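Coordinates in review
The lines below spell out each chain.
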Amino acid sequence: MRFPKHFLVLCCLTCVASLAWGADRLRVGSKRFTESYILAQVLAQTAQPYAPIEVRQGLGNTAIVYQALRAGSIDLYAEYSGTIDQEILKNTRPSTLAEMREQLRPLGLGVDIALGFNNGYALAMRADVAQGLGIGALSDLARHPGLRMGLSNEFLGRSDGWKGLAQEYGLPQRPSGLDHGLAYDAIIGGQVDVIDIYTTDAKIEHLGLRVLKDDANYFPLYDAVVLYRLDVPQRFPQAWAALRKLSGSISEQAMIRMNARAELQGAGFDAIAREHLAGHMGGARSAGFGADAGAGAGASASASATDVADRSAEAANGRRTEAGAGFLAKLFGPDLLRLTLQHIGLVVASVGLAVLVGVPLATLAAPHDGLRAGVLGASGLLQTVPSLAMLAILISWVGRIGAVPALLALTLYALLPIMRNTCTGLMGIPAGLKDAADALGLSPGQRLRLVELPLAMPTIVAGVRTATTIAVGTATIAAFIGAGGYGERIVTGLALNDKELLLAGALPSAALALLAEGLFELAAILMRRGRSL
């Protein structure tokens with residue numbers, strides 16, 4: 001059984017590369033929605049002339065990105081003052097920026113660089129439905145308990161989200177969780193009546209939605225700011241000085257137009273940021289952002305689409321192909337090789353670790369009924385833990401995001417088929433063969449190494465085969481915590497409700513699973529031929 005050694009080498013190399021990557025880099029993070037992707041690019045491109053940059057896009061909701069910041073997996077990201085105040089610091093009354101700085105300082109964090117716009121939470125309905133029901137404000141919702149609400153899971157769980165809102169307005173509805181990227185299609189399709197929105201979302205006006213008035217002034221201000229580790233200004237003084245110049249550089253209308261470029265015209269996040277910065281640094285907006293709020297934003301955005309139509313796209317950095325580019329351009333984009341290598345690395349390393357742990361443990365447990373039942377039961381129980389919950393637990397345990405918790409999660413999910421097949425293979429060996437080995441004077445260790453494991457090998461390999469197929473599919477979740485792989489396309493496609501980009505992530509994963517199946521089938525054929533000889 002030599003192949004586990006090769007798996008170990010690959011696993012070690014992957015982990016070392018993960019730990020080394022990001023050293024001496026300014027690491028910029030983002031949440032998993034359009035505006036956060038764009039702002040991450042704005043921050044990264046502003047600092048790039050002065051420091052090596054790593055952009056870790058689409059890490060997840062506030063809790064995951066904040067944990068990544070605390071753990072040092074990222075150095076800064078764009079956050080909102082209301083979120084910092086109520087969701088992170090758990091304040092019950094509005095705080096000033098200075099007060100938040102004092103509270104964050106003991107945590108090794110700081111808040112600075114007010115970017116210039118407010119992006120608050122609100123609830124919205126289709127205008128025709130709201131008109132028909134006479135709903136114009138949040139307080140009106142209490143008179144319509146039958147309304148179907150589809151709210152983002154983060155909004156449902158936030159302290160400044162649904163629970164407090166329902167209490168403030170006495171709302172009787174029971175909302176369902178709905179990904180923000182899918183909410184607009186759901187409300188236009190009539191599947192839900194009310195969704196939560198960000199006030200700078202581009203689709204509000206485009207789809208003719210009515211934003212319900214917060215007549216009790218429940219929602220605080222959500223001014224866009226930069227949340228950062230306190231050592232960033234010392235580690236990257238020039239980059240930090242450049243970032244500070246972004247203060248007040250993005251108006252609310254400018255942010256809405258940038259969101260529209262991504263969501264309605266298919267422009268790449270990096271291209272949108274580049275356009276904005278070109279206008280900001282040059283003293284005049286580039287095409288698409290040069291107009292004032294009332295000076296024809298739609299015509300400007302159309303002009304800017306021509307300017308960036310030939311720029312390449314990369315899903316992991318929030319990039320998408322320009323409007324009109326075909327599905328094949330997304331499928332075979334310039335990020336395909338990198339994502340493939342990352343995905344293969346995650347699969348090989350995690351299955352290799354599972355083999356190194358699972359085969360010896362199952363070999364030890366197989367002869368003992370109680371121990372075998374306990375070990376297989378525990379590994380089976382791990383299969384019932386939802387993948388995102390598993391990632392959240394492991395991030396909290398290891399204190400970082402990225403490849404390490406992703407590898408641990410994938411390894412735990414791969415254990416059951418490997419251990420189960422190892423036990424099955426060893427228990428299926430005829431007692432007569434074991435007696436013959438004992439009669440030849442073989443020690444228990446020699447009998448295991450020379451007789452039992454070789455005979456059980458086809459069954460063990462079948463378990464590894466199953467684990468590999470499972471890992472190829474499950475590895476897409478790694479992108480939710482910045483570990484790369486085909487999931488990066490899926491995460492970005494989900495955030496933008498881009499079905500082609502979703503498919504461009506799913507198809508390579510399926511192809512890789514088929515390739516793995518083919519390789520294992522070839523190995524099985526060679527093993528059978530070897531035994532026949």
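Description of the structure in this document. Keep in mind the model is a prediction, meaning the values are calculated, not measured. (Residues numbered from 1 in each chain as written. Predicted model: local features only at pLDDT ≥ 70, side-chain atom pairs only at ≥ 80, totals over all residues. Heavy atoms only, no water.)

Here we come to the overall build of the chain. In terms of helices and strands, the chain carries 24 helices and 10 strands. Expressed as a percentage of its 533 residues, the buried residues of the chain come to 52%. (Helix = DSSP H or I, 4+ residues; strand = E, 2+ residues; numbered from the N terminus. Buried < 20%, exposed > 50% of the residue type's maximum accessible area, 1.4 Å probe, protein only.)

The biggest cluster of nonpolar side chains holds 127 residues, and the ones touching the most others in it are Leu-76, Leu-141 and Leu-165. With 11 residues, the top contributor of residues to this core is helix α20 (residues 403-427). Leu-141 has contacts with Leu-123, Met-125, Ile-135, Leu-147, Met-149, Leu-171, Gln-173, Val-194 and Leu-212, leaving out every residue within four places of it along the chain. In terms of nonpolar packing, the next biggest core, distinct from the first, is built from 12 residues, Ala-183, Val-192, Ile-197 and Ile-204 among them. (Core = buried A, V, L, I, M, F, W, Y, C linked by side-chain atoms within 4.5 Å. Contact = heavy atoms within 4.5 Å.)

Let us now look at the packing of helix α19 (residues 387-398) against α20. Two elements in contact, α19 and α20, have axes whose closest approach is 9 Å; the angle formed by their N-to-C orientations is 130 degrees. Taken together, the axis directions place α19 and α20 in an arrangement best described as oblique. Read as a crossing pair, α19 and α20 show a hand that is right-handed. Note on element contacts: α20 touches α19 through Val-404, Pro-405, Ala-406, Leu-408, Ala-409, Leu-412 and Tyr-413, opposite Ser-387, Met-390, Leu-391, Leu-394, Ile-395, Trp-397 and Val-398. Taken together, the residues of the contact of α19 with α20 break down into 13 nonpolar, 1 polar and no charged. (Axes fitted to C-alpha atoms, helices over the stretch in contact; angles between N-to-C directions. Parallel < 35°, antiparallel > 145°, perpendicular 65-115°, else oblique. Left-handed = near helix turned anticlockwise from the far one by under 90°. Nonpolar A, V, L, I, M, F, W, Y, C, P; charged D, E, K, R; others polar.)

An order of β2-β1-β3-β10-β4 is seen for the 5 strands of this open sheet, with the pairing classed as mixed. Since the sheet does not close on itself, it has two edges, and those belong to β2 (53-56) and β4 (109-112), each with one partner. Each strand of the sheet is rotated relative to its neighbour by a mean of 30 degrees, with strand direction disregarded. Strand contacts of helix α3 (residues 62-71): β3 (76-80), β4 and β10 (224-229), with the helix running at about 40 degrees to β10, the strand carrying the most contacts. Sitting on the sheet, helix α5 (residues 97-104) is in contact with β4 and β10, with an inclination near 165 degrees to β4. (Pairing = 2+ DSSP bridges.)

In this section: the pattern of salt bridges. On inspection of all chains with the given rule, the structure shows 25 salt bridges. Salt-bridge contacts for Asp-185 lead to Lys-499; the nearest nitrogen and oxygen are separated by 3.6 Å. Within this pair, whereas Asp-185 is found in helix α9 (residues 180-188), its partner Lys-499 is found in helix α24 (residues 499-532), the two being separated by 314 residues in sequence. Salt bridges here are not isolated pairs; linked through shared partners, they connect Arg-27, Asp-75, Asp-231 and Arg-235. (Salt bridge = Lys/Arg side-chain N within 4 Å of Asp/Glu carboxyl O.)

This part covers the sheet that holds strand β8 (residues 194-198). Spatially, β7-β6-β8-β5-β9 is the arrangement adopted by the 5 strands of the open sheet, whose pairing is mixed. Across the chains shown, the open sheet's two edge strands, defined by having one partner strand only, are β7 (176-177) and β9 (209-211). α9 contacts β5 (121-126), β8 and β9 of the sheet and is inclined by roughly 135 degrees relative to β8.

Take unusual backbone geometry next. Positive phi, close to 60 degrees, is recorded for Lys-90, a residue that is not glycine. With respect to the helices and strands, Lys-90 occurs in the loop between α4 (81-88) and α5. Phi at Asn-217 takes a positive value of approximately 55 degrees, unusual for a residue other than glycine. Secondary-structure assignment places Asn-217 in the loop between β9 and β10.

Before going further, it helps to spend a moment on α9. Of the residues making up α9, those classed as buried are His-180, Gly-181, Ala-183, Tyr-184, Ala-186 and Ile-187. Just downstream of α9, Gly-190 is the residue with a positive phi angle, here 75 degrees.

Of note, Arg-70 is situated in helix α3. Owing to a relative accessible area of 39%, Arg-70 belongs among the partly exposed residues under this scheme. Expressed as a C-alpha distance, the spacing of Arg-70 and Gly-108, which sit 38 residues apart in the sequence, is 7.9 Å. In this structure, Arg-70 is in contact with Leu-107, Leu-109 and Arg-229, ignoring residues within four places of it in sequence.

Turning next to the pairing of strand β1 (residues 26-29). Of the two faces of β1, both are covered, the one formed by Leu-26 and Val-28 as well as the one formed by Arg-27 and Gly-29. One ladder, built from 4 bridges, connects β1 with β2; its direction is parallel. Opposite Gly-29, over in β2, you have Arg-56 as the bridge partner. Each parallel crossover has a hand, and the one from β1 via helix α2 (residues 34-47) to β2 is right-handed. The sheet contact formed by β1 and β3 spans 2 bridges and is parallel. Among the inter-strand pairings, Val-28 is bridged to a residue of β3, identified as Leu-76. (Right-handed = clockwise from strand over helix to strand, strands pointing away.)

With respect to burial, β10 is a largely interior element, 5 of its 6 residues being buried. Relative to β10, β3 is paired through 5 bridges, and the arrangement is antiparallel. Within β10, the position partnered with Leu-76 by the bridge is Tyr-228. For β4 and β10, the ladder comprises 4 bridges, and the chain directions are antiparallel. Paired with Asp-112 across the strands is Val-226, a residue of β10.

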